[in-house]
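Examining the three-dimensional arrangement
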Amino acid sequence: MDITYLKNNRLILLECLSGSRAYNLATPTSDTDIKGVFYLPKTHYYGLHSDYIPQISNATNDIVYYELGRYVALLLQNNPNMMELLASSDDDILYKHPLMERFNPDWFVSKLCQKTFAGFAMSQIKKSRGLNKKIVNPISKDKKNILAFCVVFDNHKSISLMDWLAQNHLTQQQIGLSKMAHSRDMYAMFVGDKFCGVMSDDKANDVSLSSIPKGSVAVGYLSFNKMGYSKYCQDYKDYWQWVDNRNHERYQSTITHGKGYDAKNIMHTFRLLYTALDIARTGKVIAKRDNRDELLAIKSGQFDYDELLIKADELMADVQMAFTKSQLPDTPNTTAIINTLINVRDELYASCS
């Protein structure tokens, strides 16, 4: 079953413009996104459970249709995407089956929106902080080995192992290490040609210990920052996974404006917070934003990152205060919604008989 099947069999109940065009944030280069609702043929819906299809989309996910039951289930959770679809303005509605008028938007708007809209916005801010860290602090593709995390204490001074080896014209293979009792990751160092070296190879996760001949004199003491090395390995893995998976176009946009953050992500964070504030104050989901210039300025990188974080924290506080004062119900009107869902589906399938 695909989108063509839905259209040919007249199974679509709602079809609306979504994304930037629905938010009043479209620019000449914006894609046209579509979201909608469909219902399954009677044979699929009443057949085996495995026949149930919750959503259908095109290859790029620019066009997505949700099955009627899935749509209502997400609305009951005050899912932002579905709440905005429910509240689509007339000029964004491409098609609407008369039965969809039965679902009163006021039944769905509740204080859960604070968690879903503002809560998701907060998660995006945290994600942005992590992204900012990756952009500002890139990690070299040349992975460090454990030698970079070793420090030598010699003659009452500390020096990196690499520098100490260079100064003494030694290689790491000429070093023998002996674990020091009652100390963590501290080792006595010895020099010789038959030792195991500081590490066995570049992929080693810990230092190597050697058998030290009796009477040997230590030339210094080595400390291995094992926790620091473990953290570096995790950061290295995370960073290069992010590089492999990042949206190249979005990243180039970030580099171009030079502010060190994903501006499109931050823009949508503010859009969600402003929408949440509207919900708390008016009891309505207003998808089409009237502060287009401000949001597009954020998207184009006209603000400093730290400035935006302060502004987001202030806006989040406003949202929290507005929901505290709001007279909205704690949860959607589940009884009215489920009864309407049943009645609508009954009528749809009755017309198919």
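Treat the numbers as computed from the prediction; the structure is a model and nothing was measured. (Residues numbered from 1 in each chain as written. Predicted model: local features only at pLDDT ≥ 70, side-chain atom pairs only at ≥ 80, totals over all residues. Heavy atoms only, no water.)

1. So, the packing of aromatic side chains
Here is the rule we go by: Stacked, edge-to-face and tilted labels apply to pairs of Phe, Tyr and Trp rings (six-membered ring for Trp) whose centres lie within 6.5 Å, assigned for plane angles under 30 degrees, over 60, and everything in between, in that order. Three labels apply to residues, based on accessible area from a 1.4 Å probe with only protein chains included: buried if under 20% of the type maximum, exposed if over 50%, partly exposed otherwise in between.
A full pass over the atoms with the stated rule returns six aromatic pairs. Each ring, one from Tyr 239 and one from Trp 240, has its centre 5.2 Å from the other, and the planes form 85°; the classification is edge-to-face. Here Tyr 239 and Trp 240 have matching classes, each one buried. Aromatic rings pair up to connect Phe 149, Phe 224, Tyr 229, Tyr 232 and Tyr 236 into one cluster.

2. Some details on the sheet that holds strand S3 (residues 55-57)
Threshold: At least two bridges found by DSSP between two strands are what make those strands a pair. Runs of E in the DSSP output that reach at least two residues are strands. Runs of H or I that reach at least four are helices, and both are numbered from the N terminus. The angle between two axes is taken between their N-to-C directions and runs from 0 to 180 degrees, where each axis is a line fitted to C-alpha atoms and a helix contributes only its stretch in contact.
Ordered in space as S3-S4-S2-S1-S5, the five strands form an open sheet in which the pairing is mixed. The sheet is open, and its two edges are formed by S3 and strand S5 (93-96), each paired on a single side. Here the average twist between neighbouring strands, direction ignored, is 15°. Direction of pairing for S3 relative to strand S4 (residues 63-67): antiparallel, over a ladder of three bridges. Residue pairing in the sheet places Ser 57 in a bridge with Val 64 of S4.

3. Thoughts on the pattern of salt bridges
Where charged atoms from two side chains of opposite charge come close, those side chains can pair. Stated formally: Any Lys or Arg side-chain nitrogen located within 4 Å of an Asp or Glu carboxyl oxygen qualifies as a salt bridge.
What the rule picks out here adds up to twelve salt bridges. Close ionic contact of Arg 271 with Glu 84 constitutes a salt bridge, the shortest N to O distance being 2.8 Å. Residue Arg 271 is found in helix H9 (residues 263-282), and its partner Glu 84 is found in helix H4 (residues 80-86); the two are separated by 187 residues along the sequence. Its relative accessible area of 6% is what places Arg 271 among the buried residues. By relative accessible area, which is 6% here, Glu 84 ends up buried.

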